[in-house]
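What follows is the residue order along each chain.
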Amino acid sequence: MRELLDRIGYVPRRGVWELTLRCNLRCLHCGSRAGAPRGDELTDEETYRLIDQLVKLGMKSITLSGGEPLMRENWPQIAERFRKRGVRVNMISNGLNADRATIRRMKDAGMSNYGVSIDGSEQSHDFVRGRPGAYRAAMQALENCQAEGFPAACVSFVNTKNYHELEELAETLCRHGVKDWQVQYGRPMGNLGEHLDLVCKPETILDLLPRLARLYRQYEGRMRVYASDSLGYYSEDEELFRGGRSIAGVWSGCLAGVRVIGIEANGNIEGCLSMQTDEFVEGNIRQEALEKIWTKPGNFRYTRGFTLEQLGPGCRACDLADVCRGGCSWTAWMEGGRSGKFDNPYCYYRQAKLYEKAHGPSGE
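An account of the accompanying structure is given in this report. Fair warning: this is a prediction, and the values are worked out from it, not measured in the lab.

## Digging into the nonpolar core
Thinking step 1. Ranked by size, the top nonpolar core spans 99 residues in total, and within it Trp-17, Phe-82, Tyr-114, Ile-118, Trp-181 and Leu-212 carry the most contacts.
Thinking step 2. The leading source of residues in this core is helix H8 (residues 205–219), at 8 residues.
Thinking step 3. If you look at the next biggest cluster of nonpolar residues, it comprises 6 residues, including Leu-21, Leu-25, Cys-27 and Cys-30.

## Observations regarding the packing of helix H3 (residues 75–84) against helix H4 (residues 100–109)
Thinking step 1. Remark: H3 packs on H4, axes separated minimally by 8 Å, with the N-to-C direction vectors making an angle of 25°. On the basis of the axis angle, H3 is roughly parallel to H4. Contacts between H3 and H4 involve Trp-75, Pro-76, Ala-79, Glu-80 and Arg-83 from the first element and Thr-102, Arg-105, Met-106 and Ala-109 from the second.
Thinking step 2. Its residues placed into classes, the contact of H3 with H4 shows 5 nonpolar, 1 polar and 3 charged.

## Side note on empty space enclosed by the protein
Thinking step 1. Enumeration over the complete set of coordinates arrives at 1 cavity of 30 Å³ or more.
Thinking step 2. If you add up the space inside the largest cavity, you get close to 30 Å³.
Thinking step 3. Every residue lining the largest cavity is listed: Cys-254, Tyr-302, Thr-303, Phe-306, Gln-310, Arg-325 and Ser-329.
Thinking step 4. Class assignment for the residues of the lining of the largest cavity results in 3 nonpolar, 3 polar and 1 charged.

## Some details on the sheet that holds strand S8 (residues 260–263)
Thinking step 1. Read across the open sheet, the 10 strands follow the order S7-S6-S5-S4-S3-S2-S1-S8-S9-S10; overall the sheet is mixed. Bordering the open sheet on either side are strand S7 (224–227) and strand S10 (283–284), each of which pairs with just one other strand.
Thinking step 2. Pairing geometry for strand S6 (residues 178–185) and S7, over 4 bridges, is parallel. The partner of Asp-180 across the bridge, within S7, is Arg-224.
Thinking step 3. Contacting strand S4 (113–117), strand S5 (152–158) and S6, helix H6 (residues 134–148) crosses the sheet at an angle of about 165° to S4.
Thinking step 4. Where helix H7 (residues 166–175) meets the sheet, its contacts fall on S5 and S6, and the angle it forms with S6 comes to roughly 155°.

Calculation notes
- Residues numbered from 1 in each chain as written.
- Predicted model: local features only at pLDDT ≥ 70, side-chain atom pairs only at ≥ 80, totals over all residues.
- Heavy atoms only, no water.
- Core = buried A, V, L, I, M, F, W, Y, C linked by side-chain atoms within 4.5 Å.
- Buried < 20%, exposed > 50% of the residue type's maximum accessible area, 1.4 Å probe, protein only.
- Helix = DSSP H or I, 4+ residues; strand = E, 2+ residues; numbered from the N terminus.
- Axes fitted to C-alpha atoms, helices over the stretch in contact; angles between N-to-C directions.
- Parallel < 35°, antiparallel > 145°, perpendicular 65-115°, else oblique.
- Contact = heavy atoms within 4.5 Å.
- Nonpolar A, V, L, I, M, F, W, Y, C, P; charged D, E, K, R; others polar.
- 1 Å grid on protein atoms, 1.4 Å probe; cavity = no way out; pocket = protein on both sides within 12 Å on 5 of 7 lines; lining within 4 Å.
- Points joined across faces, edges and corners; volume = space filled by probe spheres on them.
- Pairing = 2+ DSSP bridges.

The values reported here are purely geometric and, on their own, carry no functional implication.
Right, dumping it as structure tokens:
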């Protein structure tokens, strides 16, 4: 697989940009511990220069994120500058500041859609968000999108509190005009590392993926249901979740630093914005040009320089190891004990084999 990637080349087609770490919530699952802005966040002019560098490298799609991206005052100018250079722009936000005037500004800037994070029922959502009324504000944001004729999307963090609410949530989101719904696990980093009771066990993947597949089929044509890259891999319905989003139509390895780039608000560059540790910072645009960081030999070595030896025992023993490469790199690194080994128990294929070994092929 690595040989194929080397032949295709490394181009940051997709990216996620933390416009600011400033946020008006203190969510229990926040991996970046958002709240106060970083002390050295990029100036407006630096953001515009970075946009030009990203476009020059070949970027086609960018997600504006945070913190809470609507708290960055020049977000409309950032979005518009990307769009004028042919880049598809969307945003993921908590919805608190998304009134109808803001939605109109998104339309005027040429954004493709607005994504709102909603985590279950009103009770579950407000609990993890740490603020009464957060759910109603998020739902109002979706209604504002409907009123303005602007496409809405949603991202949901699956945890032990909302695990059995997904079907109800799906119906609510579809009714509110959501066209794309991404479901993901939270990993025990940042704030969630202090709330481990909310973290689902690896074996829940055996139940979760079939449920998402049923929801995919139920809402097909009305709302697209898909799993994030931290969910998988190789279930019977793999192609539902990967079609058009991977090289082979099924999971074919993490693309952080290959086709994906992450940008922190202070100009730090990572293969994926989820990788919130200094170990995965490849450089900073204030010290080096983005192109130099992206093309520097030795950078993004966990994907570009992948070898089976970097996998932990569970993943290395798998017959799909050279294709899967440990699944989501960040999840695998976290679950490998941050020891330098990538080992990912949140894998359908692994858990199915463990279940069969314990219960037999019939599940008895």
